[in-house]
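Results of the structural survey
As a plain string of letters, each chain reads:
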2 protein chains.
Amino acid sequence: MPLTLRQRNRLDAIHRIMDTAMDLFDERGYSDVTIEEIAAASGVSPRTFYRYFGTKEGLFTADPLAAVGLGSYSGQIDPGDLPGTLERLIARIGEGPGVSEGGRRTSWRGMRYVMEEPSVRAAVYGALDEEAERLTALLRDAGESPARARVIARSYLFGAYFGALEQWHLDGRSRPLGDYVRDGLAALADQTAGGRGQA
Amino acid sequence: MPLTLRQRNRLDAIHRIMDTAMDLFDERGYSDVTIEEIAAASGVSPRTFYRYFGTKEGLFTADPLAAVGLGSYSGQIDPGDLPGTLERLIARIGEGPGVSEGGRRTSWRGMRYVMEEPSVRAAVYGALDEEAERLTALLRDAGESPARARVIARSYLFGAYFGALEQWHLDGRSRPLGDYVRDGLAALADQTAGGRGQA
DNA sequence: AACGAACTGGCAGCTACTGTCAATAAGGCA
DNA sequence: TGCCTTATTGACAGTAGCTGCCAGTTCGTT
């Protein structure tokens with residue numbers, strides 16, 4: 001059962017808005033483009049923009065498929081093997097044109113703004129935060145104490161994942177992203193195990 | 001050489017605004033209090049509020065002493081002993097009434113909003129982000145590779161530090177904060193060293 | 001006391017964001 | 001196909017966060 005017309009229209013609009021917005025941002029800079037302009041250039045009303053994305057930064061955190069009921073990457077987490085999960089998650093990035101169906105690579109066009117615009121960055125942190133909350137719950141279910149679960153989840157997402165992504169971006173995205181993640185995880189292991197305070 | 005009159009005035013105003021704001025927030029909730037109200041209740045103009053704090057969320061990330069040229073906790077980081085540094089940082093929290101001179105505990109009155117208001121939380125993440133950048137540089141100076149330095153710095157601040165703080169808060173701040181930090185660091189060590197993917 | 005610099009307040013204005021309601025388009029059904 | 005119901009959109013008005021600008025005041029200094 002494919003998507004209904006309504007769902008397709010909505011998905012089209014979302015993608016159109018995202019692309020248009022990135023075009024405008026690339027052209028004139030993030031803060032010099034207003035929602036009104038994005039909406040006009042995409043053929044929707046500002047009100048509709050907000051219905052879809054919630055905020056201007058939502059452009060960078062919204063999952064188009066979630067908007068039609070299909071969450072993309074959730075439940076793909078194996079709490080017993082976080083390094084492996086991380087590896088699998090990042091495998092989707094960087095290689096090939098896009099994430100899941102559609103071949104859309106909007107998120108990677110937008111990465112620049114995630115790194116450079118504080119407000120966008122903050123929004124992404126908010127999203128990571130929610131993800132960390134979910135992961136914490138999973139780890140608790142897997143037997144970790146609440147405190148341990150929380151610290152592990154946050155370190156993986158904010159430290160190993162985002163940290164690697166950032167360094168990868170800073171280095172011009174030449175070396176494979178996976179290298180950075182492996183590097184980072186190894187560093188954490190050294191640091192926590194080897195350091196003088198082994199606590 | 002004590003503070004000049006101007007510096008004292010400014011510092012007084014900052015503290016007065018912070019206290020007043022927290023009073024109002026506790027009374028009616030964060031989002032139902034406007035800057036205009038805070039300013040009026042503190043006896044300053046809204047324009048001045050923005051000069052001091054930059055944003056509404058700045059109330060939670062501003063360091064009053066920095067406003068008069070005295071940064072408080074910077075340069076207290078020993079990149080060779082992060083667990084120890086963390087321990088020292090948190091030693092200032094929770095015990096006793098306040099941070100540094102003045103016996104002010106505004107930040108701990110505000111913790112509730114840091115945890116519960118997404119926008120405040122996001123602002124704190126922004127501040128952590130900057131701190132992480134500084135720590136990353138220190139670790140690089142100490143010989144770590146950029147990628148490793150970045151991941152370690154971020155894991156410590158977003159994972160071990162903020163994660164412990166959050167769990168401590170969620171548990172009602174009964175057990176000492178240090179326990180949470182130690183717990184978390186130990187968990188990280190187990191996780192990265194012990195797991196099947198030792199990568 | 002007088003001068004220059006720092007600081008404050010008031011005003012005007014922009015833009016992000018929300019509630020509400022009428023208009024419209026899609027889906028289901030006879 | 002034509003009609004009815006319901007989801008979705010657009011227009012309007014309004015709130016509040018935030019900034020630039022300038023005039024007036026306060027403070028530090030000589």
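All values derive from a computational prediction rather than experimental measurement. (Residues numbered from 1 in each chain as written. Chains lettered and ligands numbered in written order. Predicted model: local features only at pLDDT ≥ 70, side-chain atom pairs only at ≥ 80, totals over all residues. Heavy atoms only, no water.)

Below, the discussion takes up the environment of B:Val33. Residue and element names in this part refer to chain B. Residue position: Val-33 is located in the loop between helix H1 (5–28) and helix H2 (35–42). The spatial distance from the C-alpha of Val-33 to the C-alpha of Gly-80 is 44 Å, given a sequence separation of 47 residues. In this structure Val-33 touches Leu-24, Phe-25, Arg-28, Ile-38 and Lys-56, once residues within four positions along its chain are discounted. (Helix = DSSP H or I, 4+ residues; strand = E, 2+ residues; numbered from the N terminus. Contact = heavy atoms within 4.5 Å.)

This brings us to the interface of chain A and chain B. Counting residues at the interface gives 45 residues for chain A, matched by 45 residues for chain B. Where chain A abuts chain B, roughly 3,900 Å² becomes buried across the two surfaces, and 58% of that area is made up of carbon and sulfur atoms. Scanning the region where chain A abuts chain B turns up six salt bridges. The shortest N-O distance in the salt bridge between B:Arg154 and A:Glu166 comes to 3.8 Å. Our count for the chain A to chain B interface comes out at 13 residue pairs in polar contact (both at pLDDT 80 or more). Secondary structure elements with two or more residues in the side of chain A that touches chain B: helix H5 (82–91), helix H7 (118–141), helix H8 (146–170) and helix H9 (177–194) of chain A. Element by element, the count of residues in the side of chain A that touches chain B is highest for H8(A), at 18 residues. A per-class count over the side of chain A that touches chain B returns 22 nonpolar, ten polar and 13 charged. (Buried area = accessible area lost by both parts, 1.4 Å probe. Salt bridge = Lys/Arg side-chain N within 4 Å of Asp/Glu carboxyl O. Polar contact = N/O pair within 3.5 Å; in protein donor to acceptor, adjacent residues only side chain to side chain. Nonpolar A, V, L, I, M, F, W, Y, C, P; charged D, E, K, R; others polar.)

Right, let's get into the protein's contact with DNA strand C. Around DNA strand C, the surrounding shell holds 20 residues, and the nearest of these are A:Arg47, A:Lys56, B:Thr48, B:Arg51 and B:Tyr52. Among all atoms of DNA strand C positioned within 4 Å of the protein, those belonging to sugar or phosphate total 58%. Here a phosphate oxygen of DNA strand C and a side-chain polar atom of B:Thr48 are 2.3 Å apart. At a separation of 2.5 Å, a base nitrogen of DNA strand C approaches a polar side-chain atom of B:Arg51. At four residues, helix H3 (residues 46–53) of chain B tops the list of elements feeding residues into the surface near DNA strand C. Of the residues in the surface near DNA strand C, the class split is six nonpolar, seven polar and seven charged. (Near = heavy atom within 4 Å.)

What follows is about the packing of aromatic side chains. Enumeration over the complete set of coordinates arrives at 26 aromatic pairs over all chains. With a centroid separation of 5.6 Å and an interplanar angle of 85°, the aromatic rings of B:Phe49 and B:Tyr50 are classed as edge-to-face. Counting every residue linked through ring pairs, the aromatic cluster contains A:Tyr125, A:Phe158, A:Phe162, B:Tyr125, B:Phe158 and B:Phe162. Between the NZ or CZ atom of A:Lys56 and the centre of the ring of A:Tyr30, over which it lies, the distance is 4.4 Å. (Phe/Tyr/Trp six-rings, centres within 6.5 Å; stacked < 30°, edge-to-face > 60°. Lys NZ or Arg CZ within 6 Å of the ring centre and 35° of its normal.)

Turning our eyes to something else, we now look at the protein's contact with DNA strand D. Near DNA strand D you find 20 residues, and of these A:Thr48, A:Arg51, A:Tyr52, B:Arg6 and B:Arg47 are the closest. When atoms of DNA strand D within 4 Å of the protein are split into backbone and base, the sugar-phosphate part holds 59%. The element contributing the most residues to the surface near DNA strand D is helix H3 (residues 46–53) of chain A, with four residues. By residue class, the composition of the surface near DNA strand D is six nonpolar, seven polar and seven charged.

This paragraph deals with the relation of the copies chain A and chain B. Overlaying chain A on chain B yields an RMSD of 0.0 Å, the required transformation being a rotation through 180° with an accompanying axial translation of 0.0 Å. Viewed as a symmetry operation, the transformation between the two copies matches a two-fold axis. Closest approach to the rotation axis within chain A is made by the C-alpha atom of A:Ser155, at a distance of 2.2 Å. (Least-squares fit on C-alpha atoms with pLDDT ≥ 70 in both.)

We now examine the domain arrangement of chain A. Residue and element names in this part refer to chain A. Considered domain by domain, chain A is made up of domain 1 (5–67) and domain 2 (73–192). Taken together, the 13 residues of domain 1 in the interface contact 16 residues of domain 2. Applying the counting rule to domain 1 against domain 2 returns three salt bridges. Across the domain 1-domain 2 interface, the total number found is five residue pairs in polar contact (both at pLDDT 80 or more). Among the secondary structure elements, those contributing two or more residues to the side of domain 1 that touches domain 2 are helix H1 (5–28) and helix H4 (58–61). (Domains from an automatic or database assignment.)

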